[in-house]
Amino acid sequence: MSLSVKHLLGIKELQQQDIETIFKTADNFKQVLQRPIKKVPALRDTTIANIFFENSTRTRTSFELAEKRLGADVVNFSASASSVSKGETLIDTVNNILAMKVDMVVMRHAASGAPWFLAQHIDASIINAGDGVNEHPTQGLLDAFSMREKFGDLSGKTVAIVGDIMHSRVAMSNIYCLQKLGAKVIVSGPPTLIPKHIESMGVSVEYSVKKALQQCDIANILRIQLERQQKPLFSSLREYALFYGVNKQMLDSLNKEILILHPGPINRGVEIDSDVADGKHSVILDQVENGVAIRMAVVYLLSGNREMPE
Ligand code: CP
């Protein structure tokens, strides 16, 4: 039970076998999380720093819980409350934290490639918790794990990723992960939010959301990332909801059942209506639950432990 990589920087660098190993380990940890005592002491000699240069609700809480449930010592670092605001560099910041005998770093950063840069300059294992518009590997893994929980093998399944593909690191990690598992991927949304040449990644493009949903077994619906848009890329949120939002009426008209995912945070009434987000085909909260097991698996496997704890 080991991975082919020292760091989890992106799913692009993982082998299919790595993904299967992470899922198998997460299956075991999910069972641990159902017990009255949801802890195993596998990492009691390990100290992990969660370094977040961007806001987060799910990822940060999920990593902290995962690490604590493995018995690790955890330090949380938020850039807004740190000496980064006084001009300290990323490498100096992380080296100062590592000097306090930290073994592993979980990092979220607004700059695409920041975890790769860091990996060239420090010895500790790094887990990318989202870098710019590049990758969010643990989200890609937990999304695919949640799909696998419902469908088993994803080989031959079709997944539509709907929304702001252009600014989404979740879309990139989903595409890499799902393709390595043998699924077909369609991306859908306004032409201004779909990168040119994305077909070169082996995905299909369908600008009509309804047509994309007609072809898929699973839809992963993404938020519009207004904070990453330099200039407006569609006329209004109302128009977006009208033409690209997923609502119950649209799903009912398909005469088929589609598994609904959303990585969060949700903009209700924009990319997804509440009766879809909270409906019987939605696994949005399962994704959040599975996130803890997936992150336990990733942290555990990168720590170098080989024996699965009882
Ligand atoms: N899905 C996700 O990354 O959510 P947060 O930004 O809240 O971590």
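See the structure printed just above.
As the structure is a computational prediction, the values presented were derived from the model and not from experiment.

Glancing now at the packing of aromatic side chains. Per the counting criterion, the structure on display carries five aromatic pairs. With centroids separated by 5.2 Å and ring planes inclined at 50°, the aromatic side chains of Phe 234 and Tyr 240 adopt a geometry described as tilted. Seen in terms of ring centroids, Tyr 240 and Tyr 244 are 5.5 Å apart; in terms of plane orientation they differ by 40°. Their pairing is tilted. Highlighted residues: Tyr 240 and Tyr 244, both in helix α8 (residues 237–244), separated by four residues, approximately one helical turn.

Our next topic: unusual backbone geometry. With an omega dihedral of -10°, the bond running from Gly 264 to Pro 265 counts as a cis peptide bond. Looking at the secondary structure, you find Pro 265 in the loop between β9 (259–261) and α10 (274–277). For Lys 101, which is not glycine, the phi dihedral falls at a positive 65°. As for its position among the elements, Lys 101 is in the loop between α3 (90–98) and β3 (104–109). Although it is not a glycine, His 197 sits at a positive phi angle of roughly 70°. With respect to the helices and strands, His 197 occurs in the loop between β6 (184–188) and β7 (204–205).

Taken together, Ser 56, Thr 57, Arg 58, Thr 59, Arg 108, His 136, Gln 139, Pro 263 and Gly 264 are the residues near the ligand. One of the side-chain N or O atoms of Ser 56 is found 2.6 Å from an oxygen atom in the ligand. Residue Arg 58 places a side-chain N or O atom 2.9 Å away from an oxygen atom belonging to the ligand. In a pocket analysis with a 2 Å cut-off to the grid points, the ligand is assigned to the largest pocket. Looking at the shell around the ligand, its residues break down into one nonpolar, six polar and two charged. Domain assignment of the residues forming the shell around the ligand places at least three in each of domain 1 (11–135 + 289–302) and domain 2 (137–287).

Criteria and thresholds
Residues numbered from 1 in each chain as written. Predicted model: local features only at pLDDT ≥ 70, side-chain atom pairs only at ≥ 80, totals over all residues. Heavy atoms only, no water. Phe/Tyr/Trp six-rings, centres within 6.5 Å; stacked < 30°, edge-to-face > 60°. Helix = DSSP H or I, 4+ residues; strand = E, 2+ residues; numbered from the N terminus. Near = heavy atom within 4 Å. Polar contact = N/O pair within 3.5 Å; in protein donor to acceptor, adjacent residues only side chain to side chain. 1 Å grid on protein atoms, 1.4 Å probe; cavity = no way out; pocket = protein on both sides within 12 Å on 5 of 7 lines; lining within 4 Å. Sits in = over half its atoms within 2 Å of the grid points. Nonpolar A, V, L, I, M, F, W, Y, C, P; charged D, E, K, R; others polar. Domains from an automatic or database assignment.

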